[in-house]
Amino acid sequence: MTRVTTAPPPEVAMLAVAGKALAHDSAVKHVTGRAQYVDDVREPEGTLHVVPFGAPIARGEVTSMDLADVMATPGVVAVLTAADVPGRNDCSPVDFDQDPVLSHGDVEFHGQALFAVVAETRDIARRAARRAKLVTRTAPPIVTIDQALEQGETCLPDYTFTRGDAATALKGAPQRLQGTFLVGGQEHFYLEGQVALAIPGEDGDMYVLSSTQHPTEVQHVVARVLGVPDAAVTCEVRRMGGGFGGKESQASQWAALAALAAHVTGKPCKLRLDRDDDMVMTGKRHDVRVTWDVGFDREGRLVGYDVVYAARCGYSADLSSGVVDRTMFHADNAYYLPECRIHSRRMKTNTVSNTAFRGFGGPQGMVGIERVMDAIAWQLGLDPLDVRKRNFYRPGADVTPYGQTVGDNIVLELVEALEASSAYRTRRREIAAFNARSPILKKGIALTPVKFGISFTLTHLNQAGALVHVYSDGSVHLNHGGTEMGQGLYVKVAQVVAEEFGLPLEAVKITATTTGKVPNTGPTAASAGSDLNGMAAQAAARTIKGRMIDFAAESYGVDKDKVAFRDGLVVIGNETISFGALAKKCVLARISLSSTGFYRTPKVVWDRPNGTGRPFYYFAYGACCAETTIDVTTGEMRVDRVDILHDVGRSLNPAIDIGQIEGGFVQGMGWLTTEELVFDADGRLRTHAPSTYKIPVASDVPADFRVALWAGENREDTVYRSKAVGEPPLMLAIAVFNAIADAIHALRPGAIVPLDAPATPETILRAVKAVSGGE
Amino acid sequence: MRRSIRFLRRGRVIDIADLAPMTTVLDWLRLGEGARGTKEGCNEGDCGACTVVLARPKNGRLVYEPVNACILLVGQLDGAALITVDDLAAGADLHPVQAAMVKHHGSQCGFCTPGIVMSLFALYHEGLRPIDRRQIVDQLAGNLCRCTGYRPIVDAALEACAFPADDRFTARQSEALAELTALANDGAALVGSDETFFAVPRTLDEACDLLVRHPDATVLAGATDVGLWITKQLRELPKIVWLGRIEALREIEARDDVLRLGAMVSHADAYCALAAIDPDLGEVMRRFGSKQVRASGTVGGNIANGSPIGDLAPALIALDTTLHLRRGSTVREANLERFFIAYGKQDRLAGELVTGLTVPRLRPGERFRALKVSKRFDEDISAVMGAFKLTVDGRRIVAARIAYGGMAATPKRAAMAEAALVGLSLEEAASWEVAIDALTRDFAPISDMRASATYRMEAAQALLGKAIAEIAGADTAFTRLVGQRPEAVAAE
């Protein structure tokens, strides 16, 4: 039976444009192929093409690099090496000086860029690059987390949250369980690969079109590499063909190489990575070994908890500090951990440097405690949902291990609403009946919550700027520091500005993000895009609107509160004129109709050395009930039905928000099921193309997929009381993973199912054999 | 001899006389024509962002099929009409598929969207009405979207395909058919020189003559594999002989006892004929690549390239298929099983062509099963694929022919297991173990990114056990997650 239902979104009362389920601003351009991505922009005449070449070894050094044949290839204009870098040869995001744009000779991962060919066509450059003659000296690489643990190799110091005395609590607990499992990484697989076009200007200026979530960082890295002031570099991005965190820090290297090529040749230069190179050369989600030890009472309530997350960071730190911190911040998910130790290790390996990916470490944190909840339930013979509910944050048990009070807790109400709407209890009984008569196919069900902290934990990133112009015809030019990667940020912010001016959405012109208009921005990340940029743009619009009101009140001789903006009109006392007419009058009266807007998130403080504070402005909540069927002979798995209830506060755009929820869920489902990154013993990624790395396709999405928005508003004063939505839904997919474990558990009730992620057929079959075979 | 490639684009004949043989349609569009609506996502025919549609006359009507432009060579457009995402809307008037995508919020980042629109455009014109979710997700198996989770795209397709096709393309269908029929009379073409060319023979004789003169030429069928030699391996293929316009190689002959397939019958065209032998063969074809790959790829090409895991080969070996080959004027037959000599090595001489294959139908008492395990159900290469033909007499197995893909360097029969099966009773499940165990003597699979050796063996054994159990009467509603056989579906 096919049944796709989406609950009607709660209408946001009183608002004319914000809160409406409007189409993505580029929807028509998307479907007609008219939306331009960096590679679609008509190149300036004489544009050259840059292709990097990656190291054929994972660890060691290149002792000699003979590039004569490369250079001699007809059509090749230049070959770039580390020696060509005029500034600092480093594209690391946080100035660690660990990520050379081009290697100096040391190799730390397979595929690390050694040189780059600049040629008249991309095809010439790709073919020429393979003519290099390299001599290498290979050292044994550290590839896996376990190898790094054995050798004690880390790229950042360990970090711990503690509350009380977990060790003593564990010793005294009525019941105790321990376990360890692996959670795999994930390739972003944005459909548009990494790309940048650098156009040299006068005085050493560089104009860079980049597919990046972080234009400010691209600007800074390009300036650093070229050895010019930040002001000499402008970075622009109209849209990305997907980002998911993979273009937060990972876009910089390719923009820097394009800019370096433009600097060396004096010509516009474009670099677009081939898909295989992209997958080999750019970072991914951290894979993690979770090792846990839990003490609990006979009702399944936690008494003590000790968990260690060992994350594979790859060869350099990149964003791993924040990512693994966020793993720790979500080690509790929605549960109160009384006495606990949350310990993290940041393992260094000879693999590509892992980076931001939707959820930014949070999903790995959550998956740990959700597996623990199942284990407790299995041990006690309870329904896992009951164990979950008994451990939720609640009055008197509402402080996180890092000292933040969970003040906006709705998890129990939300979970119980979904428990009812998904008919969880009835279906659990039906599943038990099915399993009793089905020896090969076994079903499982799970209902898991999500509580996700919203704000950058690096506090200074919680700022945003906007620039708004009103022209004398009443049309509005909107610019802000957030970037559009498909998540609908541009349309949401435009809805806010249209709302403020009482204009239809079409009156607001959305323009490309550029460091030349709004400087010093943070990345579009941490789900915070509309929270931050929506508020900044609202501030800019309100400044202009305030000036227009002042002018109107004065020139019409009415009180300011008698001036109202709606439906493209301005009501001034008893008169009504068009918005454009008022704008024209303002310009003639020499009133400025341009303003910046700025926003910084209030209330957030974080003392990292002491592991305490309020790192998050608020939490976003959600829950998911998933039903799966597995084949216990082959390990194959199908997701049968998914019900989701998710909290976006008062939605700025329910259509966009539902799109984020569904898309995030499916991406999370891929992470935990079919998407497997396989590195061989030599450190080579063997799954470097969609032929071998399998993201979900249409048929993997359950035919019965029901998504509804929680009716509520943000307790905090966010833009129209909305909540962030980019990342939290990804973690709804943990329910699928737990439902698979539940199906395996049906083989031998009471057994603790040892299931690693991703739950590929092979992994599922291994767990099936472990459960059927004994302990 | 024609010295140009001729195809239709926007109602006009495009004549290309100056062509680098390896040029892909995607590069021609984006770099040559400057039409940048069509995107490059993976450059290996897997993600579908570059999907374009080819319209070709088949049996007197116009057939629209989606193909991956990134691994399709420009020469392969010869005789077809090329339709891209740039062509659908008339100014501000969106095509029904595009309008439904906008209405249902079917795009987020928008990068996969042109390909998805083109796949749905092909579905819209395929004419299946009423359409259901199953048909739509099959259509989309070769279109990766990383943003939406597909639900709104499926909804858009349900709406757009709710009514019979009625658009600008149906309005000028007869003109388009006439234009293409005119191209169908074009003779053989060779674009380039004796050293480097793209050749389009129109008869088997022409093809064989060419290959005798140029035994070093690359024989091109659908380019779903050869395309990657160009885009990923960066091989130089100066001489290409494409067989796609030889009508004799596209014939399907359904006889009572056998099915004859010309080598250039596409997977899409072979689907119904193969499914008629057994529903599991239909399921093998449904899960084979994607709609785009099946529209381009051919049964002969799939055999001739000798993939160790090609799903078709084990199924056809289990059915005791005979291969037909020709070199110059010499024709011969080969048993398919013996065609695969070693990894990457087939029993095919330079300049020799696979011209077709003969697949025996199931005879009374013969039962067939084909089962595939992969990380993802659709558009994935098998970790293990097993094909089983058991001959039963009453409740006893009297003969067995079993072949596996993914278990050895070539598709290979399981001789030990076959021998062990003979004489076993379908009533005694415990007795089957001897045959299942025998697989460990038939195969020593390898570990790779798709599966470990251990898992491959376990899965191969599980598939054999499942096949016997099903033949013994187990309801596939309780043995399979996908591809339940019609009798099980009917029983639900």
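Residues numbered from 1 in each chain as written. Chains lettered and ligands numbered in written order. Predicted model: local features only at pLDDT ≥ 70, side-chain atom pairs only at ≥ 80, totals over all residues. Heavy atoms only, no water.

**Considering the overall build of chain B**
Consideration 1: For chain B, the helix and strand inventory stands at 19 helices and 20 strands.
Consideration 2: Taking 492 residues into account, the globule formula puts the C-alpha radius of gyration at 23 Å, and chain B, at 23 Å, falls close to it.
Consideration 3: Taken along its principal axes, the extent of the C-alpha atoms in chain B is 70 × 55 × 40 Å.
Consideration 4: Among the 492 residues that make up chain B, the fraction classed as buried is 65%.
Consideration 5: For chain B, the exposed surface amounts to about 17000 Å²; the carbon and sulfur share of it is 53%.
Consideration 6: Of the charged side chains in chain B, 58 are positive and 62 negative; the average position of the first set lies 1 Å away from that of the second. (Helix = DSSP H or I, 4+ residues; strand = E, 2+ residues; numbered from the N terminus. Rg over C-alpha atoms; globule rule 2.2 N^0.38 Å. Buried < 20%, exposed > 50% of the residue type's maximum accessible area, 1.4 Å probe, protein only. Areas by Shrake-Rupley, 256 points an atom, 1.4 Å probe, with all protein chains shown as cover. Lys, Arg positive; Asp, Glu negative; His and termini not counted. Charge placed at Lys NZ, Arg CZ, Asp CG, Glu CD.)

**Some details on the packing of helix α6 (residues 215-226) of chain A against helix α7 (residues 252-265) of chain A**
Residue and element names in this part refer to chain A.
Consideration 1: Two elements in contact, α6 and α7, have axes whose closest approach is 9 Å; the angle formed by their N-to-C orientations is 45°. By the criterion of interaxial angle, the relationship of α6 to α7 is oblique. With respect to the hand of their crossing, α6 and α7 are arranged in right-handed fashion. On the side of α6, the interface is formed by Glu217, Val218, Val221, Val222, Val225 and Leu226, while α7 contributes Ser252, Ala255, Ala256, Ala259, Leu260 and His263.
Consideration 2: Grouping the constituent residues of the contact of α6 with α7 by class yields nine nonpolar, two polar and one charged. (Axes fitted to C-alpha atoms, helices over the stretch in contact; angles between N-to-C directions. Parallel < 35°, antiparallel > 145°, perpendicular 65-115°, else oblique. Left-handed = near helix turned anticlockwise from the far one by under 90°. Contact = heavy atoms within 4.5 Å. Nonpolar A, V, L, I, M, F, W, Y, C, P; charged D, E, K, R; others polar.)

**Digging into the pairing of strand β25 (residues 594-600) of chain A**
Residue and element names in this part refer to chain A.
Consideration 1: The alternating pattern of β25 places Ser595, Gly597 and Tyr599 on a buried face, while none of Ser594, Thr596, Phe598 and Arg600, on the opposite face, is buried.
Consideration 2: Here strand β18 (residues 463-470) pairs with β25 via seven bridges, running antiparallel. The residue bridging Gln463 from the neighbouring strand is Arg600, located in β25. (Pairing = 2+ DSSP bridges.)

**Comments concerning the interface of chain A and chain B**
A common way to report how large an interface is uses the accessible area buried once the components associate.
Consideration 1: On the chain B side, the residues contacting the 91 residues of chain A number 78 residues.
Consideration 2: Taken together, the two surfaces of chain A and chain B that pack against each other cover about 6800 Å², and 56% of this comes from carbon and sulfur.
Consideration 3: Sorting the residues of chain A by area buried against chain B places Val31, Arg127 and Leu191 of chain A first, and these three jointly supply 11% of that buried surface.
Consideration 4: For the pair chain A and chain B, the number of links is 13 salt bridges. (Buried area = accessible area lost by both parts, 1.4 Å probe. Salt bridge = Lys/Arg side-chain N within 4 Å of Asp/Glu carboxyl O.)

**Observations concerning the environment of Phe705 of chain A**
Residues and elements named next belong to chain A.
Consideration 1: Here Phe705 shows up in strand β30 (residues 704-709).
Consideration 2: Its relative accessible area of 0% is what places Phe705 among the buried residues.
Consideration 3: Distance from Phe705 to Ala72, taken between C-alpha atoms, is 58 Å for residues 633 residues apart in sequence.

**Remarks on the packing of helix α10 (residues 362-380) of chain A against helix α18 (residues 734-745) of chain A**
In helix packing, the relevant descriptors are the interaxial angle and the interaxial distance, both defined with respect to the helix axes.
Residues and elements named next belong to chain A.
Consideration 1: Following both chains from N to C, one finds α10 and α18 inclined at 30°, their axes separated by 10 Å at the closest point. Taken together, α10 and α18 sit at an angle that is classed as roughly parallel. Pair α10 / α18 crosses with right-handed handedness. Residue-level inspection shows Pro363, Met366, Val367, Glu370, Arg371, Asp374 and Trp378 of α10 in contact with α18, the latter providing Ile734, Phe737, Asn738, Ala741, Asp742 and His745.
Consideration 2: Residue composition of the contact of α10 with α18, grouped by class: seven nonpolar, two polar and four charged.

**Let's talk about the pattern of salt bridges**
Residues and elements named next belong to chain A.
Consideration 1: One pass over the full model with this rule turns up 102 salt bridges over all chains.
Consideration 2: The salt bridge partner of Asp680 is Arg686, with a shortest N-O separation of 3.1 Å.
Consideration 3: What makes Asp680 buried here is its relative accessible area of 14%.
Consideration 4: Exposure remark for Arg686: the relative accessible area of 31% places this residue in the partly exposed category.

**Thoughts on the confidence of the model for chain B**
Consideration 1: Looking at chain B, pLDDT values average 96 and 99% of them are 70 or higher.
Consideration 2: Scored as a whole, the predicted complex attains pTM 0.97, and scored at its interfaces, ipTM 0.97. (pLDDT = per-residue confidence, 0-100.)

**Topic: helix α18 (residues 453-471) of chain B**
All names here are of chain B.
Consideration 1: With 19 residues, α18 should cover 27 Å at 1.5 Å per step; its first-to-last C-alpha distance of 27 Å lies within 8% of that length.
Consideration 2: Across the 19 residues that make up α18, a large majority, 16, are buried.
Consideration 3: Just downstream of α18 lies Gly473, where phi reads positive at about 125°. (Expected span 1.5 Å × (residues − 1).)

**Quick look at the sheet that holds strand β2 (residues 48-54) of chain A**
Residue and element names in this part refer to chain A.
Consideration 1: Across the sheet, eight strands lie side by side as β4-β6-β2-β13-β10-β11-β12-β21; this open sheet has mixed pairing. In this open sheet, the two strands that pair with only one neighbour each are β4 (76-80) and β21 (513-514).
Consideration 2: Here strand β12 (residues 233-237) runs beside β21; their pairing, made up of two bridges, is antiparallel. By the bridge assignment for β21, Glu236 is matched with Thr514.

**So, α7 of chain A**
Residues and elements named next belong to chain A.
Consideration 1: Over its 14 residues, α7 runs 20 Å from end to end, which matches the ideal 20 Å to within 8%, given 1.5 Å per residue.
Consideration 2: Buried residues dominate α7, accounting for eleven of its 14 residues.
Consideration 3: At the exit of α7 stands Gly266, carrying a positive phi of roughly 75°.

**What to know about the nonpolar core**
Consideration 1: In this structure, Trp292, Phe501, Met548, Phe665, Ile744 and Leu755 of chain A are the most contacted members of the largest nonpolar core, which totals 230 residues.
Consideration 2: Excluding its chain neighbours within four sequence positions, the residues that come into contact with Ile744 of chain A are Ile630, Val753, Leu755, Ile764, Ala767, Val768 and Val771 of chain A.
Consideration 3: Counting 51 residues, the second-largest nonpolar core is a separate cluster that includes Leu19, Val191, Leu220 and Val226 of chain B. (Core = buried A, V, L, I, M, F, W, Y, C linked by side-chain atoms within 4.5 Å.)

**As for the side chain of Asp306 of chain A**
Residues and elements named next belong to chain A.
Consideration 1: Positionally, Asp306 belongs in strand β15 (residues 302-314).
Consideration 2: Residue Asp306 is classed as buried on the basis of its relative accessible area of 17%.
Consideration 3: A distance of 2.7 Å separates a polar atom in the side chain of Asp306 from a polar atom in the side chain of Arg341.
Consideration 4: Leaving out residues up to four positions away in the same chain, Asp306 has contacts with Leu170, Thr291, Trp292, Asp293 and Arg341. (Polar contact = N/O pair within 3.5 Å; in protein donor to acceptor, adjacent residues only side chain to side chain.)

**As for the sheet that holds strand β7 (residues 197-200) of chain B**
Through backbone hydrogen bonds, the strands of a sheet pair up, either in parallel or in antiparallel fashion.
Residues and elements named next belong to chain B.
Consideration 1: Judged by pairing direction, the sheet is mixed, and its four strands sit side by side in the order β6-β7-β9-β8 without closing on themselves. The sheet terminates laterally at β6 (189-192) and β8 (218-220), the two strands that pair on one side only. The average undirected angle you get between the axes of adjacent strands in this sheet is 15°.

**Some remarks on the side chain of Asp378 of chain B**
Consideration 1: Along the polypeptide, Asp378 of chain B turns up in the loop between β17 (366-373) and β18 (384-393).
Consideration 2: Exposure remark for Asp378 of chain B: the relative accessible area of 3% places this residue in the buried category.
Consideration 3: Reaching out from Asp378 of chain B, the side chain makes a polar contact with the side chain of Arg286 of chain B at a distance of 3.3 Å.
Consideration 4: Residue contacts for Asp378 of chain B: discarding those within four places in its chain leaves Val697 and Ser699 of chain A together with Arg134, Asp138, Ala141, Arg286 and Arg287 of chain B.

**Some thoughts on the state of the cysteines**
Residues and elements named next belong to chain B.
Consideration 1: Per the counting criterion, the structure on display carries zero disulfides over all chains.
Consideration 2: The thiol of Cys147 is unpaired, and the distance to the nearest cysteine sulfur, on Cys109, comes to 3.9 Å.
Consideration 3: Here Cys161 is not disulfide-linked; the sulfur of Cys112 is the nearest cysteine sulfur, at 17 Å. (Disulfide = S-S within 2.5 Å.)

**Considering the environment of Asn435 of chain A**
Consideration 1: By the secondary structure assignment, Asn435 of chain A is in helix α13 (residues 424-437).
Consideration 2: Among residues more than four places away in sequence, those in contact with Asn435 of chain A are Leu441, Lys442, Lys443 and Ala746 of chain A.

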